[in-house]
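# Residue-level structural notes
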Amino acid sequence: MAKFDPRGRKIKILATLGPASRSPEMIEKLLLAGADAFRVNMSHGDHETHRETIAAIRAVEKDVGRPVAILCDLQGPKLRVGQFKGGKAVIRHSGHFTFDRNPEPGDDSRVCLPHPELFGVLRKGQRLLIDDGKLRLKVIEASQDAILCSAEVGGVIMDRKGVNVPDAVVPVPAMTEKDRRDLAFAVENGADWIALSFVQRPEDVAEARRLMGGYGALMAKIEKPAAVDRLEEIIELADGIMVARGDLGVELNPEEVPPIQKRIVAATRRSGKPVVVATQMLESMIESPAPTRAEVSDVANAVYDGADAVMLSAETASGAWPVEAVTIMHRIAGQVERDPGYRQQVSFAEILPDRTTADALAHSCASIAESLPIAGVIVFTGSGSTARRVARERPAAPMLVLTPAQKTARRMALLWGAHAVTTKDIGSFEEMIAKGKRMALRHGFGSAGSKLIALAGVPFGTPGSTNLLHVVTLQGDELDRHKG
C-alpha cells in the first residue's frame, strides 16, 4: 500500500478545475500543493470535457495514492432578462422601467423577462437586482403581464444579464432540465459530492436526493435569504452545506453576510456534517501572485470558525496563479492551526453530544485527547458516520480514518481533520488494535511510546454500531513484527 503523508492541517481545501487547471499535470501540482478535493463546475463546459477532467483526477489520485473527492456543482435555475436592440440599454437612475412578457427586443423603457413564474409572486416594494446587484430596481406595480419598477440604482443593462429576487420565494424548482442531465452525468461518472445551487426550501434538497438514488453525497449551497430562513431543515436533509457567498452577497447587504456565514458554519458544525466556505476567498490571485491582507484574514477567519473546508473558484479554474493560490491557502491554514489560541477558538461553540452511545464515545474521545498526550485517533468506519461524529467534536489529536470503502475514503476529503486510508476490513478486536497501530506508524501518527485512541463498532461490519473506545500505546516495532 502506498504511504501518503497527512497534510499537517485539519481544514480541507476544495479547488475548482477549469481551463487553467484541468490537465493531469496541473491536477497533480494542485494536489501536491495542498488541494484535497476538486470541484467540477457544471455551469461551464460540456459533458465530454467534464468526463476527461474526472478521468484525469482519478488517474492522478491513483498515482499519488491519496483519496480525492470530486464535487460536481450544478448550475441551478439562473433567472435572466431577455435581449435588447443593439445588445444593451440604459436604465435611467430614479426612472421607470418595465419587465414584461413581450418577446420583442427591449429598449431603455422595457425588456422581456422570460420567467412567467415571477409575474405571479412579485409585490409592490420588493426588489429586483440585475447583473449581480449592479442595477437595483424596486417594484411599483406588478400584474400577470408586466412589472413596473423604479430604478434605485440605474446604469447599462445588457442582454441575458442575471436577475436576483431577494424578497420573494420564487416558485421554480431548484433543478432545471440541464441540472437533471448534469446530475445523472455526475452520478454515472462517480462524483463523490453533488452541490445543489440556489436552494430555497427543504423540498429542493429532498427532490435532488430522490434523483440521486442513493449515490454520492448531497451538498446544499446556501445563497438565498429564503434558505437562511429554513437553514436547520435544509441541514437536516443534506449531507453537507456550502456557504456560497457570491449570490448571498448580492441578495443581502454586504454587512449582513459575515454574521450569516458564522451562523451557517456553527449550525452545520452542530449537525456533524461538513461545511464549506466558498467564493472570492483569494479573488485577487486570479491575476496577482499574492493575495491581499484582507483575503488572508478572510481565509483565516473561516479556519478559526472551524469550517471543514475552504474553496477556491476562479482562482484555480481560470486564474494565472492556480498552484500559488492553493499553496498560500495551505500556508494560511497551517499558520492559524499552529496559533496557541486556535484550540480555544475552534472549540468556542459547545457541541453537546446526542443521546446515543456513538455520540457519547466521540465526545469522550475529544475529552481524552484534551487530557492526555494523544498522538492520534484511529477510527474504523464503513459508512464514515463514526468519523463525522469524531470530527464534529473538533478533537485536539489528528484523526486517521481506516475504511474498506473507497467511496467513504474519498468523501472524507471534505471532512475536518480526517486522513482517510482504504484498507481491508477487520474481523476481530485483536486484529483492529494490531492494524490500527501499524497504520498509525505507517502514516506518521506517533512513534514508540505514543498513545492512540481506537474507536470502532462491534460486531465489525455493522453500520452505525460504534460502541468501543480503547486507548493503546505504540511499541514502535509493530511494522517490523508484522513483516516477521
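Described in the following lines is the structure provided in the data block. Remember, predicted model here, so these are calculated numbers, not experimental data. (Residues numbered from 1 in each chain as written. Predicted model: local features only at pLDDT ≥ 70, side-chain atom pairs only at ≥ 80, totals over all residues. Heavy atoms only, no water.)

The next thing to look at is the overall build of the protein chain. Counting secondary structure elements, the protein chain contains 18 helices and 22 strands. Expected size for 484 residues packed as a compact globule is a radius of gyration near 23 Å; at 24 Å, the protein chain falls within 12% of this value. Evaluated residue by residue, the protein chain yields a buried proportion of 54% over its 484 residues. In the protein chain, 68% of the contacts between residues at least 6 apart in sequence involve partners at least 24 apart. Put simply, the protein chain shows about 20,200 Å² of open surface, and 52% of that area lies on carbon and sulfur atoms. Within the protein chain, the 61 negative side-chain charges are centred at a point lying 3 Å from the centre of the 62 positive side-chain charges. (Helix = DSSP H or I, 4+ residues; strand = E, 2+ residues; numbered from the N terminus. Rg over C-alpha atoms; globule rule 2.2 N^0.38 Å. Buried < 20%, exposed > 50% of the residue type's maximum accessible area, 1.4 Å probe, protein only. Contact = heavy atoms within 4.5 Å. Areas by Shrake-Rupley, 256 points an atom, 1.4 Å probe, with all protein chains shown as cover. Lys, Arg positive; Asp, Glu negative; His and termini not counted. Charge placed at Lys NZ, Arg CZ, Asp CG, Glu CD.)

A sheet is described by the order of its strands in space; here seven strands give the open sequence β4-β12-β8-β9-β10-β6-β7, paired in mixed fashion. Every other strand in the sheet has two partners, leaving β4 (79-80) and β7 (110-112) as the edge strands with one partner each. (Pairing = 2+ DSSP bridges.)

In this structure, the largest pocket encloses a volume near 1,300 Å³. What lines the largest pocket is a set of 47 residues, among which R39, N41, G246, D247 and T279 lie closest to the centre. Of all elements in the fold, only β1 (12-17), β2 (37-41), α2 (47-64), β15 (240-244), α8 (245-251), α9 (257-271) and α11 (314-317) reach the threshold of two or more residues within the lining of the largest pocket. (1 Å grid on protein atoms, 1.4 Å probe; cavity = no way out; pocket = protein on both sides within 12 Å on 5 of 7 lines; lining within 4 Å. Points joined across faces, edges and corners; volume = space filled by probe spheres on them.)

Spatially, the five strands line up as an open sheet ordered β20-β19-β18-β21-β22, and their pairing is mixed. Edge positions in the sheet fall to β20 (418-422) and β22 (466-473), since each has one partner strand and no second. Along the sheet, successive strands turn relative to each other by an average axial angle of 20°, direction set aside. The strands touched by helix α14 (residues 357-371) are β18 (374-380), β21 (451-457) and β22; relative to β22, the strand with the most contacts, the crossing angle is about 20°. Against the sheet, helix α17 (residues 429-442) engages β18, β19 (399-403), β21 and β22, with an angle of about 55° to β22. (Axes fitted to C-alpha atoms, helices over the stretch in contact; angles between N-to-C directions.)

Here the focus is the pattern of salt bridges. This model, assessed by the stated rule, comprises 32 salt bridges. A salt bridge links R39 to D73, with the shortest nitrogen-to-oxygen separation between them at 2.8 Å. One end of the pair, R39, is in strand β2; the other, D73, is in strand β3 (residues 69-73), with 34 residues separating them in the sequence. Given the relative accessible area of 8%, R39 is considered buried. Between R210 and E207 there is a salt bridge whose closest N-O contact spans 3.1 Å. With R210 and E207 both in helix α5 (residues 202-212) and three residues apart, the pair spans about one turn of that helix. In this structure R210 comes out as exposed when scored by relative accessible area, which is 54%. (Salt bridge = Lys/Arg side-chain N within 4 Å of Asp/Glu carboxyl O.)

Our focus in this paragraph is the packing of helix α4 (residues 177-188) against α5. Here α4 crosses α5 at 45°, and the two axes come no closer than 10 Å. Classified by the angle their axes make, α4 and α5 are oblique. Considering the relative orientation of α4 and α5, their crossing is right-handed. Contact residues: R180, L183 and V187 in α4; E207, A208, L211 and M212 in α5. Of the residues contributing to the contact of α4 with α5, the split by class is five nonpolar, no polar and two charged. (Parallel < 35°, antiparallel > 145°, perpendicular 65-115°, else oblique. Left-handed = near helix turned anticlockwise from the far one by under 90°. Nonpolar A, V, L, I, M, F, W, Y, C, P; charged D, E, K, R; others polar.)

Taken together, V90, V156 and M158 make up a surface patch of nonpolar side chains, about 250 Å² in accessible area. With respect to the helices, strands and loops of the structure, V90 is situated in strand β5 (residues 88-91). (Patch = residues over 30% accessible without salt bridge, like charges linked within 9 Å, V, L, I, M, F, W, Y side chains within 5 Å.)

Quick look at helix α10 (residues 293-304) now. Given 3.6 residues per helical turn, the α-helix brings residues three or four places apart onto the same face. If you check α10, its first and last C-alpha atoms are 16 Å apart, about what 12 residues at 1.5 Å a residue would give, namely 16 Å. Considered for burial, the residues of α10 that qualify are E295, V299, A300, A302, V303 and Y304. Buried residues along α10 sit against β16 (275-278), β17 (309-312), α12 (322-338) and α13 (342-346). Once α10 finishes, G306 follows within two positions and takes phi at roughly 85°, a positive value. (Expected span 1.5 Å × (residues − 1).)

Turning our attention to the nonpolar core. Ranked by size, the top nonpolar core spans 74 residues in total, and within it F38 and I241 carry the most contacts. In terms of residues, this core owes the most to one element, α12, which gives seven residues. Judged by nonpolar contacts, the second largest core, of 26 residues, contains I130, V163, V165 and V172. (Core = buried A, V, L, I, M, F, W, Y, C linked by side-chain atoms within 4.5 Å.)

Take the pairing of β18 next. With respect to burial, β18 is a largely interior element, six of its seven residues being buried. Bridge analysis of β18 against β21 gives five bridges, and the strand direction is parallel. Counterpart to I378 in the pairing with β21 is A454. Where β18 and β19 come together, four bridges link them in parallel fashion. Within the sheet, the bridge partner assigned to V379 lies in β19 and is V401. The parallel pair β18 and β19, bridged by helix α15 (residues 385-392), forms a crossover whose chirality is right-handed. (Right-handed = clockwise from strand over helix to strand, strands pointing away.)

In this approach a probe as big as a water molecule rolls over the atoms, and the regions it shows empty are the leftover space. Here the structure, examined in full by the defined rule, presents two cavities of 30 Å³ or more. Of all elements in the fold, only β12 (162-164) and α8 reach the threshold of two or more residues within the lining of the largest cavity. For the lining of the largest cavity, a count of residues per class yields seven nonpolar, two polar and four charged. Counting only elements with at least two residues in the lining of the second largest cavity, the list comes to β18, α17 and β21. Looking at the lining of the second largest cavity element by element, the count peaks at four residues for α17. In terms of residue class, the lining of the second largest cavity is made up of seven nonpolar, one polar and one charged.

With respect to the helices, strands and loops of the structure, H93 is situated in the loop between β5 and β6 (96-100). Once the C-alpha coordinates of H93 and H47 are considered, the two residues, 46 residues apart in sequence, prove to be 42 Å apart. Side-chain polar atoms of H93 contact the backbone oxygen of E152, separated by 3.2 Å. (Polar contact = N/O pair within 3.5 Å; in protein donor to acceptor, adjacent residues only side chain to side chain.)

Here we take up the environment of D5. Note that D5 resides in the segment before β1. Along the primary structure D5 and P77 are separated by 72 residues, whereas in three dimensions their C-alpha atoms are 41 Å apart. Those residues within four positions of D5 in sequence are excluded, and the remaining contacts are R66 and H419.

Structural measurements only, silent on function.
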